[in-house]
Amino acid sequence: MASHLRYRIGTKSHVELIISDITDETTDAIVNAANSTLLGGGGVDGAIHRAAGPALLEQCKKIRAQRGSLPPGQAVSTSGAKLTAKYVIHTVGPVWHGGEANEPETLASCYRESLRLANELKCASISFPSISTGAFGYPVHDAAQVALRTVVEHLQQPRSVILVRFVLFDSRTHDAYKVAFEKLRKDSPGLQVRSEPL
Ligand code: AR6
């Protein structure tokens, strides 16, 4: 299965699915799957803090001092510090509790709020990891559907962001997003989505 997939959304936007390390991304912003403390952790959070250097943690500490912990579904931005990306958008996904605790709504809010901030920051491109599907235990097939539907709906009326790249860490996650994309296309003929060669 090809690991770099590109889809045209509406008239001028694109969604890409790739297998890579998000800390290498060259998009204007990358999204961190953080926790409410904003003080770093394992997984993609740890990788982003390691690659960005201590200036990232300093900014996170300031935000935390100003506004306290970050509730699930919300997002805040910092600079990218040593990363190539200009901005890191930190969001907190839901912990999976079986699906009856508003997990899909909270996860959708992570994507919407991150996109809202990226548009405010006038970013043209943003990369997301697969939020909540690691330590937070959200089943990846379900999370992929929420992620893609939210992003594709958002891109139907493009603002500043016209490229959303999902940077997935392994082929199992990439396959889940590919399957979810095909399902979204089939289930929602009203959405303007088509595959595009690279
Ligand atoms: N680039 C892209 N994706 C990655 C990378 C990377 N460098 N490293 C891991 N992933 P997780 P969560 C994938 O656990 O479930 C942290 O400790 C990983 O394979 O990072 O939202 C935070 O501080 C998986 O597919 O995030 C929180 O406490 C996806 O990123 C908690 O984990 C998300 O896995 C958040 O848990």
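Quick note: structure is the one above.
Here the structure is a predicted model, which means the values were calculated and not measured.

Asks: Before we move on, can you summarise the site of the ligand with the specific residues and values?
Replies: Within the structure, the ligand sits among 21 residues, and Asn35, Gly42, Val44, Asp45 and Gly134 are positioned closest to it. Measuring from a nitrogen atom of the ligand, one finds a side-chain N or O atom of Asp21 at 3.0 Å. Between the ligand and Asn35, the relevant distance is 2.7 Å, taken from an oxygen atom to a side-chain nitrogen or oxygen of the residue. Across the complex, the protein chains shield 88% of the 700 Å² of accessible surface that the ligand would expose by itself. When contributions to the shell around the ligand are tallied by element, the ones reaching two or more residues are β3 (29-34) and α1 (43-52). Of the residues that constitute the shell around the ligand, the class distribution is 10 nonpolar, nine polar and two charged.

Asks: Help me get a handle on the pattern of salt bridges, residues and values and all.
Replies: Scanning the model with the defined rule gives 12 salt bridges in all. Here Glu182 ties to Arg185 by a salt bridge, and the two come within 3.1 Å at their closest N and O atoms. With Glu182 and Arg185 both in helix α5 (residues 171-187), this residue pair falls three residues apart, about one helical turn. The partly exposed category is assigned to Glu182, whose relative accessible area is 31%.

Thresholds applied
- Residues numbered from 1 in each chain as written.
- Predicted model: local features only at pLDDT ≥ 70, side-chain atom pairs only at ≥ 80, totals over all residues.
- Heavy atoms only, no water.
- Near = heavy atom within 4 Å.
- Polar contact = N/O pair within 3.5 Å; in protein donor to acceptor, adjacent residues only side chain to side chain.
- Areas by Shrake-Rupley, 256 points an atom, 1.4 Å probe, with all protein chains shown as cover.
- Helix = DSSP H or I, 4+ residues; strand = E, 2+ residues; numbered from the N terminus.
- Nonpolar A, V, L, I, M, F, W, Y, C, P; charged D, E, K, R; others polar.
- Salt bridge = Lys/Arg side-chain N within 4 Å of Asp/Glu carboxyl O.
- Buried < 20%, exposed > 50% of the residue type's maximum accessible area, 1.4 Å probe, protein only.

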